[in-house]
Each structure stands twice: as structure tokens, then as C-alpha cells.
Amino acid sequence: MDAEKLLLRAEEVARRLSLRRATVYLMMASGELPTFRKGRAVRVPARALEQWLEKQTRPGSASV
């Protein structure tokens, strides 16, 4: 069974967003990214990341 992961580590978020891992850690720590915490583990819910990204995306703002 190859189901998509529900919770993502900072490294996985960084890869998906094409950002540095350190940037993702800062975004998680500041509350900019939605996180789920269990003990010392901090993860980003995959679904919440997609919703967050949709909110951050501005229509017609592509400047290439």
C-alpha cells in the first residue's frame, strides 16, 4: 500500500516547497506553517500544507 503520508517532516516540506530546510524550520517555529506537535516531534499535516499553499498563491502573480 503506497498511501500518501499524512504528516510531513521539515525535510519533506522543504523538498515540496523547494525551500531550504532551515527556512521551513523558521516558518514552523514562527507559526507561519501549520504544525502538529506530539511530544518533541513537530510535523506539518500534508493536507494543511496544501491549503496553506493555496492561500499563499496569488492569481496572475507569475513574473518569470
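Structure's up top.
An account of the accompanying structure is given in this report.

1. Description of the sheet that holds strand β2 (residues 36–38)
- Spatially, β1-β3-β2 is the arrangement adopted by the three strands of the open sheet, whose pairing is antiparallel. Both edges of this open sheet fall to β1 (7–8) and β2, since each of them pairs with a single strand only.

2. Focus on the packing of helix α1 (residues 10–17) against helix α3 (residues 46–56)
- At their nearest, the axes of α1 and α3 sit 12 Å apart, and the two run at 35° to each other. Crossing angle aside, the handedness with which α1 passes α3 is right-handed. Along the contact surface, α1 presents Val 13, Arg 16 and Leu 17, while α3 presents Ala 46, Leu 49, Trp 52 and Leu 53.
- Residues belonging to the contact of α1 with α3 are distributed by class as follows: six nonpolar, no polar and one charged.

3. Observations regarding the environment of Leu 19
- Tracing the sequence through the fold places Leu 19 in the loop between α1 and α2 (21–30).
- Looking at Leu 19, the relative accessible area reads 36%, which means it is partly exposed.
- Among residues more than four places away in sequence, those in contact with Leu 19 are Ala 14, Val 24 and Met 27.

4. Points about the nonpolar core
- One finds Val 13, Val 24, Met 28, Leu 33, Leu 49 and Trp 52 to be the most contacted residues of the largest nonpolar core, which totals 13 residues.
- Elements that contribute at least two residues to this core include exactly α1, α2 and α3.
- Counting residues per element, this core draws most heavily on α1, which supplies four residues.

5. Focus: α2
- Inspection of α2 places Val 24, Met 27 and Met 28 among the buried residues, and these make up the whole buried set. Mapping the buried residues of α2 onto a view down its axis gives an arc of 100°, with all of them on the same face. Counted as exposed and oriented over 90 degrees from the buried face of α2: Leu 26, Ala 29 and Ser 30.
- Residues of α2 that are buried sit in contact with α1, β3 (41–45) and α3.
- Looking at the residues trailing α2, positive phi occurs at Gly 31, about 90°.

Definitions and cut-offs
Residues numbered from 1 in each chain as written. Predicted model: local features only at pLDDT ≥ 70, side-chain atom pairs only at ≥ 80, totals over all residues. Heavy atoms only, no water. Pairing = 2+ DSSP bridges. Helix = DSSP H or I, 4+ residues; strand = E, 2+ residues; numbered from the N terminus. Axes fitted to C-alpha atoms, helices over the stretch in contact; angles between N-to-C directions. Left-handed = near helix turned anticlockwise from the far one by under 90°. Contact = heavy atoms within 4.5 Å. Nonpolar A, V, L, I, M, F, W, Y, C, P; charged D, E, K, R; others polar. Buried < 20%, exposed > 50% of the residue type's maximum accessible area, 1.4 Å probe, protein only. Core = buried A, V, L, I, M, F, W, Y, C linked by side-chain atoms within 4.5 Å. Arc of directions from axis to C-beta.

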